[in-house]
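Here is what each chain is made of, one letter per residue.
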Amino acid sequence: MRARLEEVREQALEELEKSKNISQLEDVRNKFLGRKGILAQQMKLLKTASPEEKPVIGKAANELKALLSSEFARKLEGLKRSQRGEGKRPFFDVTLPGKKRTLGKLHPITRTIQHIEEIFGELGFKCVFGPEIETEYYNFDALSMIENHPARDEQDSFYIGKGILLRTQTSPVQIRVMEKEKPPIRIIATGKCFRRDAADASHTSMFHQVEGLLVDKRVTFGDLKGVLEVFVKRMFGSEVRMRFRPDFFPFTEPSADAAISCIMCGGEGCSSCGGSGWIEILGAGMVDPEVFRKVNYDSEKYTGFAFGMGIERIAMLKYGINDIRLFLENDIRFLSQF
Ligand code: PHE
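Residues numbered from 1 in each chain as written. Predicted model: local features only at pLDDT ≥ 70, side-chain atom pairs only at ≥ 80, totals over all residues. Heavy atoms only, no water.

**Q** Explain the overall build of the protein to me, please; I cannot follow it from the model alone.
**A** For the protein, the count of helices and strands is 11 helices and 10 strands. By the compact-globule yardstick of 20 Å for 338 residues, the protein is too spread out, its C-alpha radius of gyration being 41 Å. Viewed in the frame of its principal axes, the protein has a C-alpha envelope of about 125 × 50 × 40 Å. Here the protein, with 338 residues, has 41% of them falling under the buried criterion. Contacts in the protein between residues at least 24 apart in sequence constitute 67% of all its contacts with a sequence separation of at least 6. Accessible surface, the protein: about 19,700 Å² in total, of which carbon and sulfur atoms supply 52%. Treating the 52 positive side-chain charges of the protein as one cloud and the 48 negative ones as another, the clouds have centres 11 Å apart. (Helix = DSSP H or I, 4+ residues; strand = E, 2+ residues; numbered from the N terminus. Rg over C-alpha atoms; globule rule 2.2 N^0.38 Å. Buried < 20%, exposed > 50% of the residue type's maximum accessible area, 1.4 Å probe, protein only. Contact = heavy atoms within 4.5 Å. Areas by Shrake-Rupley, 256 points an atom, 1.4 Å probe, with all protein chains shown as cover. Lys, Arg positive; Asp, Glu negative; His and termini not counted. Charge placed at Lys NZ, Arg CZ, Asp CG, Glu CD.)

The structure is reproduced here in structure tokens:
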């Protein structure tokens, strides 16, 4: 009988190893370990063994049963794993050159915004943000842009509901900040603006602006000029000159537009500056007392200045780009140059 057990062991292990899939393995397991399997039959024969042999054979049979059970479990795991496709590693050629990954870059507008924020940040201005969807109150009324102001015409703004529109400028952020905070105020706000402009080399219906606002006691027009001059020189280089001319905005008084000496020709006059030697880059002025009244600031006590610039304009001058539409085309040949 002991010899028979030895035979069973060898036969079982051989058939187990040969099983190619889980159902074959189950059959083999039943054949040997099943209730009416070979091992069970051997156990029955134990009765016929001599009293001395009985415990020895019984022990050997139990050991065989335990061995086969664990071997079946191991084989089953192996079959399951190869069914999941593991273990079949593809050939890996270490001599092949690697795949080149192209690095993404920041969009030139994003870079320009970061540069602007950095310069004004060093001058003590805090970055704040306002909503792109605005009410007429913040976009126009609070800024003294009266009912029939041409910019309020539906032709120029994207209305999305009654009294609600995509902001046409970042100036509404001035109002939102002053409603929430008391002077001293020193903020810039960058972000998207929207106007119904037909697209051409210098217009797109979505563009970016940066708004600046400083309110405190004894703020003068000289402070405005000083701050903007530092900005312009940091942005475009120390040789660039600035010029202020009277202008009009409903929410600043007095108002001015500021121009810089042409980056391309140094002020000589060229096609970029239309021969004038100057390029306008921003609108600015002293905050109108009427605006202060709207936000409950005492205009006897406080004065302030505000300015607004088109960020695309700054980026175009900085990088020598001649068509604003390039910023929106997502052409990788253009974008990868920055
Ligand atoms: N918001 C004005 C514009 O879009 C610019 C501006 C801002 C002018 C702040 C004066 C002060 O034209």
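**Q** How should the layout of surface pockets be read in this particular structure?
**A** It is a probe the size of a water molecule, rolled over the atoms, that shows where empty space is left. Of the pockets and cavities examined, the largest pocket occupies roughly 1,300 Å³. Lining the largest pocket are 49 residues, with Arg-195, Gln-209, Ile-281, Gly-310 and Arg-313 sitting closest to its centre. When contributions to the lining of the largest pocket are tallied by element, the ones reaching two or more residues are β6 (206-216), β7 (242-249), β8 (252-261), β9 (278-287), β10 (303-310) and α10 (311-319). For the lining of the largest pocket, the leading source of residues is β9, giving 6 residues. Class assignment of the residues belonging to the lining of the largest pocket gives a composition of 21 nonpolar, 18 polar and 10 charged. (1 Å grid on protein atoms, 1.4 Å probe; cavity = no way out; pocket = protein on both sides within 12 Å on 5 of 7 lines; lining within 4 Å. Points joined across faces, edges and corners; volume = space filled by probe spheres on them. Nonpolar A, V, L, I, M, F, W, Y, C, P; charged D, E, K, R; others polar.)

**Q** I tried to follow the side chain of Thr-168 on my own but got confused; where do I start?
**A** As for its placement among the helices and strands, Thr-168 is situated in the loop between β4 (164-166) and α7 (172-180). Here Asn-139 takes part through its side chain, which lies 2.9 Å from a polar atom of the side chain of Thr-168. Residues contacting Thr-168, with those up to four places away along its chain left out, are Asn-139, Phe-140, Ser-157, Cys-193, Phe-194, Arg-195 and Phe-207. (Polar contact = N/O pair within 3.5 Å; in protein donor to acceptor, adjacent residues only side chain to side chain.)

**Q** How do you make sense of the sheet that holds β10 when you look at a structure like this?
**A** Remark on secondary structure: sheet strands pair via backbone hydrogen bonds, oriented parallel or antiparallel. Taken together, 7 strands build an open sheet; the order of strands is β1-β5-β6-β10-β9-β8-β7 and the sheet is mixed. Edge positions in the sheet fall to β1 (126-128) and β7, since each of these pairs with one other strand and no more. Averaged over all neighbouring strand pairs, the angle between strand axes comes to 25°, with direction disregarded. The sheet contact formed by β8 and β9 spans 8 bridges and is antiparallel. Of the residues in β9, the one forming a bridge with Asp-257 is Gly-283. Along the sheet, α7 makes contact with β1, β5 (185-194), β6 and β10, crossing β6 at roughly 40°. (Pairing = 2+ DSSP bridges. Axes fitted to C-alpha atoms, helices over the stretch in contact; angles between N-to-C directions.)

**Q** Whenever I open this one, the domain arrangement of the protein confuses me. Can you help?
**A** A common way to state how big an interface is: give the accessible area lost once the parts meet. Examined at the domain level, the protein breaks down into domain 1 (2-84) and domain 2 (109-335). For domain 1 and domain 2, the distance between their C-alpha centroids amounts to 86 Å. (Domains from an automatic or database assignment.)

**Q** What is the right way to look at the packing of helix α1 (residues 2-18) against helix α4 (residues 53-83) in this model?
**A** Each packed pair of helices is defined by two parameters, the angle between the axes and the distance between the axes. Running from N to C, α1 and α4 cross one another at 0°; their axes reach a closest spacing of 11 Å. In terms of orientation, α1 lies roughly parallel with respect to α4. Taking contact as the criterion, the partners of Arg-2, Leu-5, Val-8, Arg-9, Ala-12, Leu-13, Leu-16 and Glu-17 in α1 are, on α4, Val-56, Ile-57, Ala-60, Ala-61, Leu-64, Leu-67, Leu-68, Glu-71, Phe-72, Arg-74 and Lys-75. (Parallel < 35°, antiparallel > 145°, perpendicular 65-115°, else oblique.)

**Q** I would appreciate a short explanation of the nonpolar core in the present structure.
**A** Side chains of a nonpolar character, in soluble globular proteins, are inclined to be buried together. Counting residues in hydrophobic clusters, the biggest one holds 45 residues, and the most contacted among them are Phe-120, Phe-305 and Phe-307. For this core, the leading source of residues is helix α8 (residues 221-236), giving 7 residues. In this structure, Tyr-138, Ala-142, Leu-143 and Tyr-297 belong to the second largest nonpolar core, which totals 24 residues. (Core = buried A, V, L, I, M, F, W, Y, C linked by side-chain atoms within 4.5 Å.)

**Q** Looking at this model, I keep getting lost on the sheet that holds strand β2 (residues 133-135). Mind explaining?
**A** Across the sheet, 3 strands lie side by side as β2-β4-β3; this open sheet has antiparallel pairing. On the outer flanks of this sheet lie β2 and β3 (159-161), each paired with one strand and no other. The average undirected angle you get between the axes of adjacent strands in this sheet is 40°. Sheet topology note: the β3/β4 ladder contains 2 bridges and is antiparallel.

**Q** So what exactly am I meant to see when it comes to the packing of aromatic side chains here?
**A** Tallying each qualifying case throughout the model produces 12 aromatic pairs. Consider the rings of Tyr-137 and Tyr-138, whose centres lie 5.3 Å apart with planes at 80°: the pair is edge-to-face. For Tyr-137, a relative accessible area of 31% translates into the label partly exposed. Owing to a relative accessible area of 15%, Tyr-138 belongs among the buried residues under this scheme. Considering the side-chain rings of Phe-249 and Phe-251, the 6.1 Å spacing of their centres and the 35° angle between planes classify their relative orientation as tilted. For Phe-251, a relative accessible area of 8% puts it in the buried group. Feature note: the residues Phe-120, Phe-125, Phe-231, Phe-305 and Phe-307 constitute an aromatic cluster, connected by ring pairs. (Phe/Tyr/Trp six-rings, centres within 6.5 Å; stacked < 30°, edge-to-face > 60°.)

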